[in-house]
Amino acid sequence: MRVSYYKGCLASLSAKELDTSTQALAPKLGLELVELESVTCCGAGDIHEADPDYYLHLNGRILAYAEAAGTDLLMTICNVCNLNLRQANFVLRNDEAVRARVNENLETVGAPPYSGGVEVKHFLWLVAEGEMHEKLRTVAHRGLKGLKVAPFYGCQVLRPSKLNGFEDPDRPWSLEAIIEACGGLAVDYPAKIKCCGFPIIQAREETALGELIQPVEQALEAGADAMVTPCPLCHLSLDAWQQKLEAATGRKFRMPILHLSQLIGVAAGLEESELKFKRHVVSVDGVIEKLTTV
Amino acid sequence: MIDVALKIWRYHSGTGERKLERYEVDAPEWATLLDVLDIVKDQVDGTLAYRKSCRMMICGSCGMRMDGRAILACKERMKPIAESGHVPVISPMGNLPILKDLVVDMAPFWRKIRAMKPWVDPGYEEYPEKEFRLTQEQMNPIHKEALCIMCGCCVSECNSMESDPDFLGPAALAKGFRMVGDPRDRTKVERLASEPYSGEHGIWDCTRCYFCNERCPKGVDPRDAIAKLGAESMAEGIDNDMGAKHAKWFVHSAKTTGWLRETELVPKTQGVVSAIKQTKFAISLARRGKVPVPFPPHVARDVREARALHELVQTQNRRGALGHVQGERALARIERTDEGGARRDVPEVTPGEPPVQRDVGERP
């Protein structure tokens with residue numbers, strides 16, 4: 001399947017491991033990734049909130065470049081990019097007057113116009129069902145040897161469900177389906193659908209940490225060896241800010257956090273040069289050890 | 001008739017006693033959860049406490065949780081649930097102190113609503129001679145917010161409020177935009193600059209978890225209202241909060257390099273002094289490559305297009321909340337398209353969260 005690949009800011013910068021593992025995994029799953037060089041940041045929740053008209057144009061421009069590349073599917077690997085692009089896409093597809101004005105502006109600055117021919121989907125959804133999910137069992141040939149993995153969805157791939165719509169936002173199943181196809185055991189806990197606090201972690205750290213502690217604590221209590229998330233913002237929050245939770249509570253969590261493509265990647269036997277676990281703040285050594293010794 | 005079974009979390013705040021009780025009653029096929037509660041109270045246990053009034057999704061009294069989700073009891077039909085064999089767990093709403101069984105103390109909720117000055121302030125002392133007439137276009141921006149029935153379902157699941165009980169929360173902020181966006185109100189800037197709106201527990205405390213949009217039974221979409229308040233604040237230059245500065249840096253990044261200038265985000269949000277206090281933390285991240293070197297900057301090809309777009313849209317009269325409002329007509333169509341809409345699975349046996357009694361100022 002040939003898709004436009006929108007990696008977003010974090011996978012280009014602090015979460016490079018997400019990009020390298022996704023790129024290494026893609027051909028094994030039958031995905032041909034078309035990189036879009038002219039696209040920009042989707043604006044995250046920030047430009048979406050603060051300068052919504054600019055947000056709509058930035059996302060319209062991304063969709064237009066995906067269309068110009070001859071693809072009808074834009075694959076995201078970040079929950080926030082996914083929601084931003086899907087929302088803009090709904091607006092541009094369903095309101096001709098808005099689309100006409102955005103297109104006129106796009107053409108004025110020299111960008112291609114957007115006719116509405118692109119679907120936006122998260123990598124998670126592509127791998128959770130259908131052909132690619134069938135492939136998963138053979139791709140993940142090394143397996144996860146019964147590793148106990150706590151799925152953490154992140155908000156914006158679930159809610160608002162009228163914009164995401166892939167699964168029941170209160171009883172999601174997609175991460176569990178992937179964990180199990182890779183040979184792991186999915187661990188259940190109530191906070192798997194809640195917020196990691198990342199959007200306000202710089203402006204309201206205390207409030208954000210009060211949110212972050214719930215999934216980490218519950219995953220630990222449920223006996224998870226690691227957590228997996230389809231969102232690089234959740235990853236940054238869970239992985240990098242975990243030390244702040246430890247400092248604030250005086251407890252040791254040491255919970256390894258994997259990107260979705262790393263979890264599949266490690267089961268598929270990708271190399272460390274592609275998985276780049278060394279870039280994690282919380283060590284993943286315990287997980288690797290479990291997978292190599294059991 | 002249908003045979004409906006329920007489990008209800010009973011709670012007595014005087015004794016602190018709580019237990020999950022199972023009830024089974026015969027109900028008409030059209031019965032809602034509220035109808036079933038009425039039957040239970042009438043025929044099985046008269047001490048069961050819950051709020052109700054209109055029975056038709058207008059009064060906002062019967063907010064509670066079913067299987068952990070905040071709902072209006074009068075909106076949920078029981079037939080498909082009863083027929084699936086599922087026994088739902090009914091519990092009180094979250095984020096508010098429980099008084100008895102399914103009744104929560106709404107006092108903190110009303111206190112926050114009142115803090116928003118929930119009335120139109122036309123800014124004149126004497127009545128003008130002619131009445132103030134409005135067009136539909138003028139009222140469109142606050143159409144959704146005006147639908148709020150103040151049931152508290154959004155507040156029940158607000159993730160920021162769980163962590164910061166003083167956060168104004170989705171209902172109060174949606175009411176805030178209902179006033180800020182009203183063309184008859186002449187105190188917009190004053191409101192936006194005031195403590196409840198742009199203070200510590202205001203607009204920028206929202207963590208964008210979208211639980212409020214998901215739960216609202218009336219389509220208010222409180223998170224969108226909060227975004228409109230943020231957009232109006234920025235357009236009015238009320239942008240001193242760290243949340244606003246964080247957003248401003250995203251805009252600046254998009255028009256200069258196209259991509260987020262991640263490493264400079266912390267000092268630009270928190271100020272240089274606070275950022276220096278984070279040095280130890282920053283070093284721990286830098287050792288893992290989590291602090292990308294800003295030079296040479298990561299620049300998108302054709303970034304001049306993104307810059308030119310920014311300049312262009314600033315001149316086109318869609319700044320502030322209008323930028324959000326322009327998409328609402330299209331988004332309202334989602335439910336009628338194939339590509340949109342949520343998949344809801346048939347209920348399975350999932351226990352509702354047991355009620356947790358927490359004092360208002362207490363953090364979890």
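Parameters and conventions
- Residues numbered from 1 in each chain as written.
- Chains lettered and ligands numbered in written order.
- Predicted model: local features only at pLDDT ≥ 70, side-chain atom pairs only at ≥ 80, totals over all residues.
- Helix = DSSP H or I, 4+ residues; strand = E, 2+ residues; numbered from the N terminus.
- Contact = placed C-beta atoms within 7 Å.
- Pairing = 2+ DSSP bridges.
- Axes fitted to C-alpha atoms, helices over the stretch in contact; angles between N-to-C directions.
- Left-handed = near helix turned anticlockwise from the far one by under 90°.
- Nonpolar A, V, L, I, M, F, W, Y, C, P; charged D, E, K, R; others polar.
- Domains from an automatic or database assignment.
- Buried ≥ 20, exposed ≤ 12 C-beta atoms within 10 Å, placed from the backbone.
- Arc of directions from axis to C-beta.
- Parallel < 35°, antiparallel > 145°, perpendicular 65-115°, else oblique.
- Core = buried A, V, L, I, M, F, W, Y, C linked by C-beta atoms within 7 Å.
- pLDDT = per-residue confidence, 0-100.
- Expected span 1.5 Å × (residues − 1).

**A short note on the overall build of chain B**
Broken down by element type, chain B carries 18 helices and 7 strands. In terms of principal-axis extent, the alpha carbons of chain B reach across some 70 × 70 × 45 Å. Within chain B, counting contacts between residues at least 6 apart in sequence, those at least 24 apart form 69% of the total.

**A few points about the sheet that holds strand E3 (residues 63–66) of chain B**
Residues and elements named next belong to chain B. Strands sit in the order E2-E1-E5-E3-E4 across an open sheet of 5 strands; the sheet is mixed. For this open sheet the edge positions go to strand E2 (18–27) and strand E4 (69–72), each flanked by a neighbour on one side alone. This sheet shows a mean twist of 35° between the axes of neighbouring strands, independent of strand direction. For E3 and E4, the ladder comprises 4 bridges, and the chain directions are antiparallel. Bridging from a neighbouring strand, Gly63 pairs with Leu72 of E4. Strand contacts of helix H1 (residues 33–44): strand E1 (2–11), E2 and E3, with the helix running at about 100° to E2, the strand carrying the most contacts.

**Looking at the interface of chain A and chain B**
Listed per partner, the contact involves 67 residues of chain A and 76 residues of chain B. Of all the secondary structure elements, the ones that give two or more residues to the side of chain A that touches chain B are helix H1 (8–12), helix H3 (44–50), helix H4 (52–68), helix H5 (79–94), helix H6 (96–108) and helix H10 (205–221) of chain A.

**A short note on the packing of H4 of chain A against helix H16 (residues 303–314) of chain B**
Running from N to C, H4 of chain A and H16 of chain B cross one another at 145°; their axes reach a closest spacing of 10 Å. In terms of crossing hand, the pair formed by H4 of chain A and H16 of chain B is right-handed. Of the residues in H16 of chain B, those in contact with Asp53, Tyr54, His57, Leu58 and Arg61 of chain A of H4 of chain A are Glu305, Ala306, Leu309, His310 and Val313 of chain B. Looking at the contact of H4 of chain A with H16 of chain B residue by residue, the class counts come to 5 nonpolar, 2 polar and 3 charged.

**Here we look at the domain arrangement of chain A**
Residues and elements named next belong to chain A. Taken domain by domain, chain A holds domain 1 (2–123) and domain 2 (124–293). For domain 1 versus domain 2, the separation of C-alpha centres amounts to 24 Å. Contacts between the two partners involve 28 residues from domain 1 and, on the opposite side, 32 residues from domain 2. Per-class residue counts for the side of domain 1 that touches domain 2 are 13 nonpolar, 10 polar and 5 charged.

**As for the domain arrangement of chain B**
Once the domains are mapped, chain B shows domain 1 (2–104), domain 2 (107–240 + 321–336) and domain 3 (247–314). Between domain 1 of chain B and domain 3 of chain B, the C-alpha centre-to-centre distance is 50 Å.

**Let's talk about unusual backbone geometry**
The omega angle of the peptide bond from Arg159 of chain A to Pro160 of chain A is -10°, so this bond is cis rather than trans. Examined against the element boundaries, Pro160 of chain A turns out to sit in the loop between strand E5 (148–151) and helix H9 (174–181). For Lys145 of chain A, which is not a glycine, the phi torsion comes out positive at approximately 50°. Take Lys145 of chain A: it is sitting in the loop between helix H8 (130–139) and E5. Even without glycine at this site, Asp101 of chain B takes up a positive phi of about 45°. Note that Asp101 of chain B resides in the loop between strand E6 (98–100) and strand E7 (103–104). Its 25 C-beta neighbours within 10 Å are what place Asp101 of chain B among the buried residues.

**Some points on helix H3 (residues 107–115) of chain B**
Residue and element names in this part refer to chain B. Residues of H3 that are buried: Phe109, Lys112 and Ile113. When H3 is viewed along its axis, its buried side chains cluster within an angular range of 100° and face the same direction. In H3, those exposed residues whose orientation departs by more than 90 degrees from the buried face are Ala107, Arg111 and Arg114. On its buried side, H3 packs onto helix H5 (153–156) and helix H7 (169–180). Following H3 by one or two positions, Lys117 adopts a phi angle in the positive range, close to 50°.

**Quick word on the packing of helix H2 (residues 16–29) of chain A against helix H13 (residues 260–267) of chain A**
Residues and elements named next belong to chain A. Between H2 and H13, whose axes approach to 8 Å, the crossing angle comes to 45°. Overall, the two elements H2 and H13 adopt an arrangement that is oblique. Read as a crossing pair, H2 and H13 show a hand that is left-handed. Contact residues: H2 offers Glu17, Leu18, Ser21, Thr22, Ala24 and Leu25, while H13 offers Ser261, Gln262, Ile264 and Gly265.

**A word on the sheet that holds strand E6 (residues 185–186) of chain A**
Working definition: the strands of a sheet are paired by backbone hydrogen bonds and lie parallel or antiparallel to each other. All names here are of chain A. Strand order in this open sheet of 4 strands is E6-E5-E7-E8, and the pairing throughout is parallel. Only two strands of the sheet have a single neighbouring strand rather than two, namely E6 and strand E8 (257–259). Pairing geometry for E5 and strand E7 (residues 226–229), over 3 bridges, is parallel. Within the sheet, the bridge partner assigned to Ala150 lies in E7 and is Met227. Lying on the sheet, H13 is in contact with E5, E7 and E8; it crosses E8 at an angle near 90°.

**Comments concerning the environment of Lys7 of chain A**
All names here are of chain A. Relative to the helices and strands, Lys7 is located in the loop between strand E1 (2–6) and H1. Linking Lys7 and Asp19, residues 12 residues apart in sequence, is a C-alpha distance of 6.9 Å. Excluding anything up to four places from it in sequence, Lys7 contacts Ser12, Asp19 and Ile77.

**Here we look at the nonpolar core**
Among the nonpolar cores identified, the biggest contains 199 residues, and Ile47, Leu63, Cys182, Met227, Val228 and Ile264 of chain A together with Val36 of chain B are the most heavily contacted of them. Looking at this core, the element that brings in the most residues is H4 of chain A, giving 9 residues. Once residues within four sequence positions are removed from consideration, Ile47 of chain A is found in contact with Tyr54, Tyr55 and Leu58 of chain A together with Ala247, Phe250, Val251 and Ala254 of chain B.

**Describing the confidence of the model for chain B**
Residues and elements named next belong to chain B. For chain B, the average pLDDT comes to 90, and 92% of its residues sit at 70 or higher. Every residue in residues 345–364 scores below 50 in pLDDT, and together they form 42 contacts with partners more than four places removed in sequence or on other chains. Reported for the predicted complex are a pTM of 0.94 and an ipTM of 0.97.

**Some points on the environment of Leu312 of chain B**
Mapped onto the secondary structure, Leu312 of chain B falls in helix H16. Residues Leu312 of chain B and Glu200 of chain B lie 112 residues apart in sequence; the distance between their C-alpha atoms is 33 Å. Residue contacts for Leu312 of chain B: discarding those within four places in its chain leaves Asn105, Thr108 and Val109 of chain A.

**A closer look at H1 of chain B**
Residue and element names in this part refer to chain B. A rise of 1.5 Å per residue sets the reference length of H1, with its 12 residues, at 16 Å; its end C-alpha atoms lie 15 Å apart and thus fit the reference within 8%. Taken together, the buried positions of H1 are Leu33, Leu34, Asp35, Val36, Leu37 and Val40. Where H1 is buried, its residues meet E1, E2 and E3.

**A look at the pairing of E5 of chain A**
Relative to E6 of chain A, E5 of chain A runs parallel, the two sharing 2 bridges. Within the sheet, the bridge partner assigned to Val149 of chain A lies in E6 of chain A and is Ala186 of chain A.

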